[in-house]
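So the chains spell out like this:
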Amino acid sequence: MTGGEQIRDLMAVQDVAQAILCSTGNQSDKMPKVLIRNIGSGRTQTILEFAESWWVTFKAKGILLIGALPYRDGEVMRYVPEV
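Presented here is a report on the structure given in the accompanying data block. (Residues numbered from 1 in each chain as written. Predicted model: local features only at pLDDT ≥ 70, side-chain atom pairs only at ≥ 80, totals over all residues. Heavy atoms only, no water.)

Here's the deal with the overall build of the protein chain
Across its full length, the protein chain carries two helices and three strands. The linear arrangement of helices and strands in the protein chain, starting from the amino end, is β-α-β-α-β. The burial tally for the protein chain puts 12% of its 83 residues in the buried class. At a minimum sequence separation of 6, the contacts of the protein chain that also span at least 24 residues come to 79%. Carbon and sulfur atoms provide 58% of the accessible area of the protein chain, an area that totals close to 6800 Å². (Helix = DSSP H or I, 4+ residues; strand = E, 2+ residues; numbered from the N terminus. Buried < 20%, exposed > 50% of the residue type's maximum accessible area, 1.4 Å probe, protein only. Contact = heavy atoms within 4.5 Å. Areas by Shrake-Rupley, 256 points an atom, 1.4 Å probe, with all protein chains shown as cover.)

Here it is as structure tokens:
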């Protein structure tokens, strides 16, 4: 992986789906009108923190190869929604 310093707001897909469903309200239309500006958890973390957390959760074997890959040209180092 890269050095993992990129900052993101990552959340479970189930939580994203729930936010979308909640945004439709109690509309009975066949095609509910949905206006979504941003969905996020409001919690930021680095990619490295995310990787390390799940590495422990899954009891993964081996080690993370932190810094083994270079950042991409034009890598966005902070990409989080305003929620």
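Things to note about the packing of aromatic side chains
Think of a pair of aromatic rings as described by two things: how far the centres are apart, and how the planes are tilted against each other in angle. All chains considered together, the criterion is met by two aromatic pairs. Among the aromatic residues, ring-to-ring pairing joins Phe-50, Trp-54 and Phe-58 into one connected group. (Phe/Tyr/Trp six-rings, centres within 6.5 Å; stacked < 30°, edge-to-face > 60°.)

Looking at the environment of Gln-45
With respect to the helices and strands, Gln-45 occurs in strand 2 (residues 45-46). The exposure class assigned to Gln-45 is partly exposed, which follows from its relative accessible area of 21%. Along the primary structure Gln-45 and Arg-78 are separated by 33 residues, whereas in three dimensions their C-alpha atoms are 9.8 Å apart. Discounting residues that sit within four places of it in the chain, Gln-45 has contacts with Gln-6, Ile-7, Arg-8, Leu-10 and Phe-50.

Focus: the side chain of Arg-8
You can see Arg-8 is positioned in strand 1 (residues 7-8). Of note is the side chain of Arg-8, whose polar atom sits 3.4 Å from the side chain of Glu-75. Within the local environment of Arg-8, its side chain forms a polar contact with the backbone oxygen of Val-76, the two atoms lying 2.9 Å apart. Apart from residues no more than four positions distant in its own chain, Arg-8 is found in contact with Arg-43, Thr-44, Gln-45, Ile-47, Glu-75, Val-76, Met-77, Arg-78, Tyr-79 and Val-80. (Polar contact = N/O pair within 3.5 Å; in protein donor to acceptor, adjacent residues only side chain to side chain.)

Description of unusual backbone geometry
One non-glycine residue, Lys-59, lies in the positive phi region at around 50 degrees. Judged by relative accessible area, which is 67%, Lys-59 ranks as exposed.

Observations concerning the environment of Met-77
Examined against the element boundaries, Met-77 turns out to sit in the loop between helix 2 (47-57) and strand 3 (78-79). Owing to a relative accessible area of 33%, Met-77 belongs among the partly exposed residues under this scheme. Each C-alpha atom of the pair Met-77 and Thr-46 lies 9.3 Å from the other, and the pair is 31 residues apart in sequence.

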